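Observations on chain architecture
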Amino acid sequence: PQVEPFVMVIFGATGDLARRKLFPALYGLFRDKKLHERFAVIGIGRRPITMDEFRDTVRKAIDEHSRLEREEAGWADFVARFYYQPLNVKDVSAYAQLGGLMERLENEWNLPGNRFFYLAMAPDLFGTVSTNLKASGLTETTGWKRLIIEKPFGEDYESAKALNDQIRQTFAEEEIYRIDHYLGKEMIQNIEVIRFANSLFEPLWNNRYIDNIQITASETVGVEERAAYYDKAGALRDMVQNHILQMIMMVAMEPPSRLVPEAIHAEKVKVLRSLRRLTKDEVNQYMVRGQYQAGVLDGRPVPGYREEENVDPHSLTETFVAGELYVDNFRWSGVPFYIRTGKRMAQKSTEIVIQFKEMPKNLYFNKNGDLGPNLLVISINPVEGLHFVLNAKKPGADNDVVPIAMAFCNDRGGSPEAYERLIGDAIKGDMTFFTHWDEVSLAWKFIDPIRRAWDQQDESTLHPYRAGTWGPDAAHQLLSRRGARWWPSR
Ligand code: BG6
């Protein structure tokens, strides 16, 4: 698809997300010539700053956060497209001014009325802003209109549905770009290519040859300055409802009939439909929740979760989740999908490990008298790559078998960040790597029973783990009871 001229209105333009991700993404796209030469950006914030102050913020954001060194040549051309409009977003009568500015810029820059509304702000305002956009006539335009929003999209199915219904009064499903930044990551986009462009994998990609699948998204950071949000959300809503389930969909989906967003979404949704829902009584058998306690990370002591600023000292919020999930369909019946994610773990690592089944009979053995399984490891972050663990004879030895790795590592560096890809896609109108409402709603329907069960439980099922470790023992027992283990990150 072609890139077209547009105006982008960024609500929350003085906030963190805009500074750290959006301005650098736009700059990267601009430098790589992926934007139409005619475009304009309007920053919206509560504070009455001037246009020049706003342009200064943009410059600083790019100096600090862009993957590219800022170049003086061309800078004036870039920043001249940034305007600022203070706005109380709850006051519908204030939107007329924004409308006036949009029209003026559309004239000045000769834009066809293609309008982007990026809500980089507190999610409890998503509904209000979209309602007010419609009420003030800003979404009646001669070109297209598109909305970009971020998670959290609701806090359970009911609230997500109410929010979606409200937004849908203004925007059609094809106009809503729900960002899950994991879908913008290079190696997550690569999963389908690896699966469907190699005749080697597809015949083995099922319960006949795969023993289990492990998905890890571990972080070393703690709750940071986000306690107000995080202490209410917890790891289940923060990471599992979106990123982890997206990774499961990418690994487990059937090949789409064509590479078009509708066909891909349809296959992804089928995975969620097949994902086994847990009853209240099953939750503790298949899911583990944990909370970090004081520990040591990178040689320095760090506090426990309950000692963090703005966290309730009696908080029962989970900062770690592990689970054993099942996709109950023909391809995956019986194959456990083990997941784990947490804050303050030993290492920052996002990785998917496919563990293949053992040989029907072992003729060869390693030093310990067994034979390690074949593994396909997809490294997503911070390493981007792929490696395959095979068994081979140890050179020179008589009969000793050792694991060898065939590895591909993308050390090209400087590849566009997730936001840059996703915003670039949204500008082209390509919805492939955005979350459809069906995915959001089914994801919540899977999460809600787990959440409800945990909310009724006391501290005895909240497993403590020391900061700087791989989580509570219970997360290891999930696997060891089936004779499996978590494979260490490379
Ligand atoms: C966000 C979560 O969606 O993803 C954060 O809200 C988390 O809590 C982050 O830190 C992790 O993203 P990444 O790209 O660093 O793995």
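What you see is a predicted model; the values in this text were computed from it and never measured.

1. Side note on the site of the ligand
The local shell around the ligand consists of K151, H181, Y182, K185, E219, R226, D238, M239, H243, K343, K348 and N381. Interatomic distance of 2.8 Å between a side-chain N/O atom of R226 and an oxygen atom of the ligand. Note that an oxygen atom of the ligand is positioned 2.7 Å from one of the side-chain N or O atoms of K348. When the ligand is considered free in solution it has 400 Å² of accessible area, and contact with the protein chains removes 80% of it. Residue contributions to the shell around the ligand peak at three residues, all from helix α8 (residues 227-252). When the residues that make up the shell around the ligand are grouped by side-chain class, the tally is two nonpolar, three polar and seven charged.

2. Regarding the packing of α8 against helix α12 (residues 437-455)
Interaxial distance between α8 and α12 falls to 10 Å at its minimum, and their mutual angle equals 140°. Classified by the angle between their axes, α8 and α12 sit oblique to one another. The element α8 and its partner α12 pack so that their crossing is right-handed. Of α12, the residues touching α8 (which contributes A233, L236, R237, V240, Q241, L245, Q246 and M249) are E439, V440, A443, W444, F446, I447, I450, R451 and W454.

3. Overview of unusual backbone geometry
Look at the link from K151 to P152: it is a cis peptide, with omega at 0°. Turning to its location among the elements, P152 is positioned in the loop between β5 (145-150) and α6 (157-168). Looking along the chain, the bond that leaves N381 and enters P382 is cis, with omega of 0°. One non-glycine residue, D298, lies in positive phi territory at about 50°. Turning to its location among the elements, D298 is positioned in the loop between β9 (295-297) and β10 (300-302). With a phi angle near 65°, N310 is a residue other than glycine that sits in the positive phi range. Tracing the chain through its elements places N310 in the loop between β10 and β11 (320-326).

4. As for the UniProt feature "domain: Glucose-6-phosphate dehydrogenase NAD-binding" (unreviewed entry) in the protein chain
Here the UniProt feature "domain: Glucose-6-phosphate dehydrogenase NAD-binding" (unreviewed entry) sits at residues 9-190. Along residues 9-190, the helical share is 42% and the strand share 16%, with 31 Å between the first and last C-alpha atoms.

5. Quick notes on the UniProt feature "binding site: NADP(+)" (unreviewed entry) in the protein chain
When the UniProt feature table is mapped onto this chain, "binding site: NADP(+)" (unreviewed entry) is found at G12, A13, T14, G15, D16, L17, A18, R19, R46 and K151. Following the sequence through the fold, D16 ends up in helix α1 (residues 16-31). Take D16: its relative accessible area is 42%, and that puts it in the partly exposed class. Within the secondary structure, L17 sits in helix α1. For L17, a relative accessible area of 19% puts it in the buried group. Discounting residues that sit within four places of it in the chain, L17 has contacts with L22, Y118, A120, E150 and Y419.

6. Looking at the pattern of salt bridges
Following the criterion strictly, the structure yields 31 salt bridges and no others. A salt bridge links D77 to R81; the nearest nitrogen and oxygen atoms lie 3.1 Å apart. On the basis of relative accessible area, D77 is assigned to the partly exposed category, the value being 40%. Between R331 and E254 there is a salt bridge, and its shortest N-O distance comes to 2.8 Å. With a gap of 77 residues between them, R331 in the loop between β11 and β12 (336-342) and E254 in the loop between α8 and α9 (261-274) connect regions that are remote in the sequence. Taking the relative accessible area as the measure of exposure, R331 reaches 12% and is therefore buried. Salt bridges here are not isolated pairs; linked through shared partners, they connect D16, R19 and R20.

7. Overview of the sheet that holds strand β6 (residues 176-179)
Pairing between the strands of a sheet comes from backbone hydrogen bonds, and it takes one of two forms, parallel or antiparallel. Spatial strand order, β3-β2-β1-β4-β5-β6: six strands in an open sheet with parallel pairing. Each edge of the sheet is formed by a strand with only one pairing partner; in this case those strands are β3 (82-86) and β6. Neighbour-to-neighbour, the strand axes of this sheet turn through a mean angle of 20°, independent of strand direction. Note that strand β1 (residues 6-11) and strand β2 (residues 39-45) share six bridges and pair parallel. Looking at β2, one finds that I10 is bridged to G43. Packing against the sheet, α1 makes contact with β1, β2, β3, β4 (115-119) and β5, and its axis sits at approximately 165° to β1.

Cut-offs used in this document
- Residues numbered from 1 in each chain as written.
- Predicted model: local features only at pLDDT ≥ 70, side-chain atom pairs only at ≥ 80, totals over all residues.
- Heavy atoms only, no water.
- Near = heavy atom within 4 Å.
- Polar contact = N/O pair within 3.5 Å; in protein donor to acceptor, adjacent residues only side chain to side chain.
- Areas by Shrake-Rupley, 256 points an atom, 1.4 Å probe, with all protein chains shown as cover.
- Helix = DSSP H or I, 4+ residues; strand = E, 2+ residues; numbered from the N terminus.
- Nonpolar A, V, L, I, M, F, W, Y, C, P; charged D, E, K, R; others polar.
- Axes fitted to C-alpha atoms, helices over the stretch in contact; angles between N-to-C directions.
- Parallel < 35°, antiparallel > 145°, perpendicular 65-115°, else oblique.
- Left-handed = near helix turned anticlockwise from the far one by under 90°.
- Contact = heavy atoms within 4.5 Å.
- UniProt positions renumbered as here; feature names shortened; annotations may be inferred.
- Buried < 20%, exposed > 50% of the residue type's maximum accessible area, 1.4 Å probe, protein only.
- Salt bridge = Lys/Arg side-chain N within 4 Å of Asp/Glu carboxyl O.
- Pairing = 2+ DSSP bridges.

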